[in-house]
Amino acid sequence: MSARTLPLLFLNLGGEMLYILDQRLRAQSIPGEKARKVMNDIITTMFNKKFMEELFKPQELYSKKALRTVYDRLAHASIMRLNQASMDKLYDLMTMAFKYQVLLCPRPKDILLVTFNHLDAIKDFICDAPGILNQVDETFRQLIEMYGCLSAGEFQLIRQTLLIFFQDMHIRVSIFLKDKVQNSNGRFVLPISGPVPWGTEVPGVIRMFNCNGDEVKRTEFTTGGNYVTPQREGSFELYGDRVLKLGTNMYSVSRPAETHTSESSKTLASSAKENIAPNPLAKEELNFLARLLGGLEIKKPGGSETGFRLNLFMTDEEEEQAALTRPEELSYKVVNIEATEEPARRAELERILGDLEVAEPCAESCGKGEDLLALMDGL
Amino acid sequence: MYRREKSIALRGSSSALYNNLSVLRPPHRPLAFLGSVHGPAVTVLSAAGDAAGCAQRQLQARAGGGASLVTQAAWCVLPARILLVLTCQKGIQMYESDGSIMVYWHALDIPEHPPAQAVFARGISAAGERFICVGLSSGMVLVFDIPHKGTNITVSEVLKEHHNAITDIAAELGQAGAGDLVTADDAGTLCVWSSGEEFSLLNRIPAFGWTCSSVRLWNGIIAAGYGNGQIRLYEAATGSLRAEVSAHARWIYALDLAPATGKLLSGAEDSFVHVWKLSRNPDTDDVEIEHCHAECVTDTQICGARFCDPEGNSFAVTGYDLSEIFCYSQV
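Residues numbered from 1 in each chain as written. Chains lettered and ligands numbered in written order. Predicted model: local features only at pLDDT ≥ 70, side-chain atom pairs only at ≥ 80, totals over all residues. Heavy atoms only, no water.

## Overview of the nonpolar core
It is characteristic of soluble globular proteins that their nonpolar side chains tend to be buried jointly. Defined as follows: To define a nonpolar core, start from buried Ala, Val, Leu, Ile, Met, Phe, Trp, Tyr and Cys residues and group those joined through side-chain atoms within 4.5 Å. Exposure classes here rest on a 1.4 Å probe applied to the protein chains alone. A residue is buried below 20% of its type maximum, exposed above 50%, and partly exposed in between. Secondary structure elements are defined from DSSP: runs of H or I of at least 4 residues count as helices, runs of E of at least 2 residues count as strands, and each element is numbered from the N terminus. Contacts between residues were defined by any pair of non-hydrogen atoms, one from each residue, lying within 4.5 Å.
One finds Phe10 and Tyr71 of chain A together with Leu190 and Ile222 of chain B to be the most contacted residues of the largest nonpolar core, which totals 110 residues. Here this core takes 13 residues from helix 5 (residues 84-104) of chain A, the largest share from any one element. Beyond its immediate chain neighbours, meaning those up to four positions away, Ile222 of chain B contacts Val182, Leu190, Val192, Ile205, Val215, Arg216, Leu217, Arg232, Leu233, Tyr234 and Ala236 of chain B. In this structure, Leu69, Trp75, Ile82 and Leu86 of chain B belong to the second largest nonpolar core, which totals 23 residues.

## Focus: the interface of chain B and chain A
What counts here: Accessible area that two parts lose when put together, evaluated with a 1.4 Å probe and summed over both, is termed the buried area. A pair is scored as a salt bridge if a Lys or Arg side-chain nitrogen falls within 4 Å of a carboxyl oxygen belonging to Asp or Glu. N or O atoms within 3.5 Å of each other form a polar contact, as long as, within protein, one can give a hydrogen and the other can take it, and as long as residues adjacent in sequence are counted only when both atoms are side-chain atoms.
Between chain B and chain A, the contact holds 60 residues from the first and 61 residues from the second. Regarding the contact of chain B and chain A, the summed buried area is about 4600 Å², with carbon and sulfur atoms giving 52% of it. The largest per-residue losses of area from chain B upon contact with chain A belong to Ser246, Asp299 and Tyr320 of chain B, which jointly make up 13% of the total buried on that side. At the surface where chain B touches chain A, the tally comes to four salt bridges. Along the contact surface separating chain B from chain A lie 29 residue pairs in polar contact (both at pLDDT 80 or more). At the level of elements, strand 22 (241-246), strand 25 (272-280) and strand 26 (287-296) of chain B are the ones that each hand at least two residues to the side of chain B that touches chain A.

## Considerations on the sheet that holds strand 21 (residues 230-235) of chain B
Heads up, the condition is: We treat two strands as partners when DSSP finds at least two bridges between them. Axes, fitted as lines to C-alpha atoms, cover a helix only where it is in contact. Angles between the N-to-C directions of the axes lie from 0 to 180 degrees.
One open sheet holds the six strands; their spatial order is 5(A)-4(A)-22(B)-21(B)-20(B)-19(B), and the pairing between them is antiparallel. The sheet terminates laterally at strand 5 (215-220) of chain A together with strand 19 (212-218) of chain B, the two strands that pair on one side only. If you compare each strand with its neighbour and ignore which way they point, the axes differ by 15° on average.

## What to know about the pairing of strand 29 (residues 324-330) of chain B
Residue and element names in this part refer to chain B. Counting buried residues along strand 29, five of its seven residues qualify, which places the element largely inside the surrounding structure. Pairing of strand 1 (residues 2-4) with strand 29 involves three bridges; the strand directions are antiparallel. Within strand 29, the position partnered with Arg4 by the bridge is Tyr328. As paired strands, strand 2 (residues 8-9) and strand 29 are joined by two bridges and run antiparallel to one another. Directly across from Ala9, in strand 29, lies its bridge partner Glu324. Where strand 28 (residues 314-319) and strand 29 come together, four bridges link them in antiparallel fashion. Opposite Val317, over in strand 29, you have Phe326 as the bridge partner.

## Regarding the UniProt feature "repeat: WD" (unreviewed entry) in chain B
Stated precisely, the cut-off is as follows: UniProt positions are given in the numbering used here, feature names are shortened, and annotations may be inferred rather than shown by experiment.
Here, UniProt's "repeat: WD" (unreviewed entry) annotation points to residues 245-286 of chain B. Here residues 245-286 of chain B runs as 0% helix and 57% strand, with 15 Å between its end C-alpha atoms.

## Some points on the packing of helix 6 (residues 110-125) of chain A against helix 7 (residues 130-147) of chain A
Residue and element names in this part refer to chain A. This is how it is decided: The cut-offs work like this: below 35 degrees is roughly parallel, past 145 is roughly antiparallel, 65 to 115 is roughly perpendicular, and the gaps in between are oblique. Charged residues are taken to be Asp, Glu, Lys and Arg, nonpolar residues to be Ala, Val, Leu, Ile, Met, Phe, Trp, Tyr, Cys and Pro, and polar residues to be all remaining types, Gly included.
The N-to-C vectors of helix 6 and helix 7 enclose an angle of 170°; their axes lie 10 Å apart at closest approach. By the criterion of interaxial angle, the relationship of helix 6 to helix 7 is roughly antiparallel. Counting all contacts with helix 6, which are made through Leu112, Thr115, Phe116, Leu119, Asp120, Ile122 and Lys123, the residues of helix 7 involved are Leu133, Val136, Asp137, Phe140, Leu143, Ile144 and Tyr147. Among the residues forming the contact of helix 6 with helix 7, the class breakdown is 10 nonpolar, one polar and three charged.

## Considering the sheet that holds strand 13 (residues 141-145) of chain B
Residues and elements named next belong to chain B. Pairing is antiparallel in the open sheet, where four strands are placed in the order 11-12-13-14. Each edge of the open sheet is held by one strand with a lone partner, namely strand 11 (121-127) and strand 14 (154-159). Shown here is a sheet whose adjacent strand axes are inclined to one another by a mean of 25°, direction ignored. When strand 11 meets strand 12 (residues 131-136), the two strands line up antiparallel, connected through five bridges.

Structural data, given as structure tokens:
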């Protein structure tokens, strides 16, 4: 609905992706220099000027499938490789984390603070690379310019658009389960205590006025919630204390994130519909991908640097097992589209995606020049 | 005191939209239908029979190539007929009350390239015996003239008082002179109108910095729910503020009124549903409101709440991502 949602969605999901990759790089003991190179490469690609320009144009949100393709590209922007199972898990973690943050934002405007938390952390990742730092600051300024003056109502529309995007996703994440912010049925815990949002009063007071506007009666009521007034508001400036903790890094080497996809929640019936129903948006999605991916300038890895594979699971066996047992409803495969549709656009995307260098051949036959959709299926 | 009854299962979970539960209570008859929006579709449930055997129908907002997201669905009860109205990004659809046949489709002007401002319709109400009013994201309100039967529905007027997207519209039949229609917008401005051949603006209640997401009208009293969790009561005739309640800790998403008793229902993102009682002091003419009941719907952001009978002895609630309708009734 809101045409201003994509930049926030992309940057926050990207931020979560970087938190998870950073944690896995350290957990897998990847040498510091290689790890830093991967992070720098991905961040440079994310904040590429042309790409950001496309991102900030007013546009509707596309499906999770279409967006996933962009992150696949991003994750492979450096010398690191991820198998399908690890990429699936990465995307699950990213989306559930941001869903949680959007849901728990006290005010809709706080989504901007969550975004700033992610950007602040990204700046920490690249603190020794001033060139990229400028790009991130530039995006910061674009965000302030675009969202700084939006009303609460417009932010709520953005939030509602995001919630529709995340609807029916109930993947259980172990770090959430351990921290008791998610229930075993995959739903998030919504606290009924703590500070009320900035600008809201603690519930419990009724004031009545006469026709002249004088207060004539005041009564109180109890609710069962346990709310208090907030201390201070977070900063919306380029630098400042955001106050809100949502959007900060919750992972560390000792707290790996696992997802549980084998026991899927019974409400998956609705999300399954998205995969089975005919997909009339496909043409627009291909256009969107062509524009966005066209702006991503992927650096070819230098000759001296050797690639490596990152595993989101604890062992290779676990990764294999996850790939085999992933429930059909949670598959990110693109629905098959008529081969004759939009040949010009398909050719263009083929050319762009043809640049994707796959270090390990993917299953069956999907090398360069293959049918575009088979390429996307193989991602 | 209310207690929880058996829930009704929904085929699709409810979306996080204002006023995302609509019920049809035909005059002097029991609850007939319930409706909830899920993305590009509306689930219409027949309330007849026990909860387990509820017949469900899904209406898709498909028009002119591709699905579009539905923003609201509501039944409009007019003396001559009852219509189910759907508002979405592409336009406005009107169906027979059981959702079986589409009677009318009104397309919105959609620019070629998406503008920065979203375009959609939102805010639905029957008004003045033969009209249906629907709001737009531009702030305009379309007034449709509804014939007793048939599909010859026309736009009789466009009300242009709001400058922000309409959020909700409410009407009260038979309140001539006092103002029988209220329109609310994203900025929090309320407009009070007198319906008729030509609608006239009676009052404009200024915003105070928060969106008014839900509005109801009863006995000349406007009940408005806001994004900061406040419920405010205004005198429709004068626009003056009569009560201010710090009701919820988060954004209010739904209000409903039980016309026979003046009970008010409020639901918000804070997981709470509250029942209040509105009344008028016969001596001072002051508006009074008291709190009756608080219900916490655990881990749920409420998006819809409706009374299921005119006295307010029972109510139903929907929540974001929830595939059921929770039902409560008075003990």
